[in-house]
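Listed below, chain by chain, are the residues.
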Amino acid sequence: MRDIRLVNVCKSFGPEKVLTNYNLSVSAGSFFALLGPSGCGKTTILRLLAGFEQVDAGNIFLGEQEITDLPANERSINTVFQNYALFPHLNVFENVAYSLRIKKVAKELVEQKVLKILQTVHLDKQVYKTIDQLSGGQQQRVALARAVINEPDVLLLDEPLAALDLKLRERVLVELIELQSKLKTTFIYITHDQDEALAVADQMAIMNHGGKIEQIGAPSDIYDKPKTVFVAKFVGNTNIIKGVLQQVAETELQVNLEHIDQVLTLKRDQVVRDDFERKFVFSLRPEKIILTKNPEQLIGYDGMVTGQVVSLIYHGKSTLYRMRIGDNLIMTVFDQNRSQNGLNEAEVGDQVYLHWRSIDIVLLED
Amino acid sequence: MKKFKQRLSCSFFFSIVPGILWQLLFLCLPLVFIIGLSFFEISDKLALFTMDYYRVVTNKFHLLVILRSLSVSFFVATVCSLIAYPVAYFIAFKVSKRWQSIGLFLLALPFWINFLLQVYAWCFILERNGLVNSFLLKIGLISEPLYLMNNMVSVILVMIQGYLPFMILPIYSGMSRFSKRLIEASYDLGASAIYTFWHITLPLTISGIRTGFILILVMTFGEFTIPTLLGGGKKLFVGTLISEYFFTSRSMSQGSAFVCVSAMVLCGAILVVNKIFGLISGATDHEN
C-alpha cells in the first residue's frame, strides 16, 4: 500500500484555470472522499491521477515513486467510471479478466481469480452474461470487480452511484465500505453528493470552485466543525448567524449574535486572525435546536429565542420548520418526531421557543 | 383510447401502403418478369420452358466475366476499407467538432457532381495527352506518353475513388457512436495503445467496415459506367455484358438468365463476407 500525493499541481483547459497550486495527500488504505459542486475540478483531479490528463506543472507521487509522466497503463491505479465504461462486446467474465489477459496470466489462474472476485461482488450467477443483460447495479459491480482484480494501490471511483436509484444506492454504499475494509486498497471517491461522502469516507476533502480545498478531515469533523461558510452550507443544512464584536478581554472576546439576543464568549485562540475583524459568522445546525411550545428551561441549553412558524415540511420521521426570528432572520429547524404528541401539530403562524447550546454554535471563516 | 388506436393503425396503414405498392410494382414485378424470362424461349406466339439459357450463361466465358467482376469488387472494397478506416478514425477522434462537419461535407461533395461526369473527368486526367502524361512529359520523366487508360488498373483506380465515401461514411457513423471512455478504460486496465486497438476499438467499429464492404461489393459488381469508359471494352464485366445482352444483341432471355446467375453469385459473396466479418469480430472477442 502506498499513499498518493499531488504537489503544486496546475492544470488549465485553454483559458480556464481549473487547478492552481493544488496540494492533496491521501494516506494509504484510507477511504477518501473528494466532495465538491460540479465544475470544481474534482473530475480533473481524478483524470490526472488516472493518467488521462497531464499536469501543466507540479508533481504526482505514489508512495516514493513519481508518476507525473507515467502513462495511464503503467500506473497501479484503476478507475470505476461514472457510466462504468464496460466493454459491450465482452461478457462479464472477459470484462473482469481484461487486465489479467493483458498481463498474460495463466488460464487457470485467470479463471480462479475472476470467479473469486465475482463471488466477492455477488455476481457468481452472472459470470457468462453479456453486459446488456445486466441491471444497473450489476453493471456497477462488474466495473468494480474489473478495477480491483489487479489489486491496484489506489482505486478511483467517479460518482459511482450516480446512475443508480435511491434504494440501490444505500445497499451499494454498504457493499463499498465492506469491500474497502476487506481489500485495504486506498479508495478515492469523487462525488457531489454530501450524504454519500459522509457515509463512505473516513477522510474527506471539500472542494470549492477553482480547485480550492476548503477543509480536509473526518466526516464528523467536517460536519460538526465546519471551518468556512462554504463547507457549512455545502455539507448538510445550516443556519448562518452573524455576530458583532462587543468586547475584547485578555483571553476572551465577546460577540453579540444578531437577532437572537445572545452574547457568545470566544477564546482568543479560536480566532485565527490577529486583527480581530469586527464581524463574525457562525453556523448552527438545524437538528441541534430543540423546539418547545412554552418558554421552558432545558438543562444545558443556554440559548433561547421565540420564533414564528413560516412553513413546515413533514417527512414522517421528522419535520422541517422554517422559523421567523425577529424581522430579518429565518432559521431552519429539524425536529425529530419522537412521540406522536410532539411538536408536529404546530401550525404555520404558531409561536414556539427555540433552544440551543452555545457549544453547538460554530465560528466560521468567511 | 380505442378510437385513438384505430386511427393510429389507420394512418399507419396509409403510410406504409404506398411504399409497399411501389416496391411491388417496380422491384418485385420486374424481378419476377426477369426470372420468368430466363426460363422461357419466346417465339411468335409460344413460350417454351427451357434450361438452355442457364446452360449457356454458366459456361466458362460467362463465369470468367462474373469472376473478373467479383474479384475487382473484392479488391476495390478491400482497398477502400484500408484507406477509409484511418480517414474515418481521424475525422471521428482526432479533430474538433467543427472540422468533423467540414470533413463530412468534403466527403459528400463528390455526390454533387453527376457520376458520369466524374468518370469523364478521370478520362481527361488519364488519357494519352491528359493531365498526367503532359505533366510527366514536361518534367522530362518520360519521353513517350504512357498508356494509363483502357486497362484494369484505371478501372480499379476510378472505382476506388468513386466508391470510397460509401466506406468512410458507415465506418464514421459507427465510430461516432463508440465511446472514447472505453479506450480510457482499456488504458486504465493496463493495455497498450496497440492492444486497445485490436481488442476494443476494432471489434466495436468493425460493423461499419462490414456495411461499407457489402455496399461497395453490391454497387461495383454491376458497375457499368467505369468499365465502359475506362476499361477499353476489351475485357467484359458483369454490367457491360448485361447491357450487351439487353441493348445490343437484344437476347433478353439469355440476359435475364445471366442476371439471375450473377445475382445469386453476389448473394453468395455477401453471405461469405458476413461470415468472415462475424469470425473476425468473434475472434477478437474471445481471443486467448
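Residues numbered from 1 in each chain as written. Chains lettered and ligands numbered in written order. Predicted model: local features only at pLDDT ≥ 70, side-chain atom pairs only at ≥ 80, totals over all residues. Heavy atoms only, no water.

Structural notes on the domain arrangement of chain B
All names here are of chain B.
No. 1: If you check the domain split of chain B, you get domain 1 (1-50) and domain 2 (53-287).
No. 2: Of note, the centres of domain 1 and domain 2, computed from C-alpha atoms alone, are 31 Å apart.
No. 3: Roughly 630 Å² is buried in total at the junction of domain 1 and domain 2, and carbon and sulfur atoms are behind 68% of that figure.
No. 4: Counting the surface domain 1 buries against domain 2, the share from its top three residues, I34, L37 and S38, is 66%.
No. 5: Our count for the domain 1 to domain 2 interface comes out at three residue pairs in polar contact (both at pLDDT 80 or more).
No. 6: Secondary structure elements with two or more residues in the side of domain 1 that touches domain 2: α1 (2-39) and β1 (40-42).
No. 7: Looking at the side of domain 1 that touches domain 2 element by element, the count peaks at five residues for α1. (Domains from an automatic or database assignment. Buried area = accessible area lost by both parts, 1.4 Å probe. Polar contact = N/O pair within 3.5 Å; in protein donor to acceptor, adjacent residues only side chain to side chain. Helix = DSSP H or I, 4+ residues; strand = E, 2+ residues; numbered from the N terminus.)

Observations regarding the packing of helix α3 (residues 60-94) of chain B against helix α7 (residues 152-176) of chain B
All names here are of chain B.
No. 1: Look at α3 against α7: their axes get within 6 Å of each other, and the N-to-C directions meet at 45°. Classified by the interaxial angle, the pair formed by α3 and α7 is oblique. α3 and α7 meet at a crossing whose hand is right-handed.
No. 2: The class makeup of the residues in the contact of α3 with α7 is 26 nonpolar, one polar and one charged. (Axes fitted to C-alpha atoms, helices over the stretch in contact; angles between N-to-C directions. Parallel < 35°, antiparallel > 145°, perpendicular 65-115°, else oblique. Left-handed = near helix turned anticlockwise from the far one by under 90°. Nonpolar A, V, L, I, M, F, W, Y, C, P; charged D, E, K, R; others polar.)

Examining the side chain of H355 of chain A
Residue and element names in this part refer to chain A.
No. 1: The residue H355 is located in strand β19 (residues 351-356) in this model.
No. 2: Residue classification places H355 among the buried residues on the basis of a relative accessible area of 1%.
No. 3: A distance of 2.7 Å separates polar atoms of two side chains, one belonging to H355 and the other to T292.
No. 4: Apart from residues lying up to four places away in sequence, H355 is in contact with K288, I289, I290, T292, N294, E296, L298, Y301, G303 and M304. (Buried < 20%, exposed > 50% of the residue type's maximum accessible area, 1.4 Å probe, protein only. Contact = heavy atoms within 4.5 Å.)

Points about the confidence of the model for chain B
No. 1: Across chain B, the average pLDDT comes to 87, with 95% of residues at or above 70.
No. 2: For this predicted complex, the interface score ipTM comes out at 0.83, alongside a pTM of 0.80. (pLDDT = per-residue confidence, 0-100.)

Considering the pattern of salt bridges
No. 1: As enumerated under the stated definition, the model contains 16 salt bridges over all chains in all.
No. 2: Close ionic contact of R101 of chain A with E94 of chain A constitutes a salt bridge, the shortest N to O distance being 2.6 Å. When sorted by exposure, R101 of chain A lands in the same class as E94 of chain A, which is buried.
No. 3: Across the salt bridge formed by E184 of chain B and R181 of chain B, the nearest N and O atoms sit 3.2 Å from each other. With a gap of three residues between them, E184 of chain B and R181 of chain B both fall in helix α8 (residues 180-188), about one helical turn apart. (Salt bridge = Lys/Arg side-chain N within 4 Å of Asp/Glu carboxyl O.)

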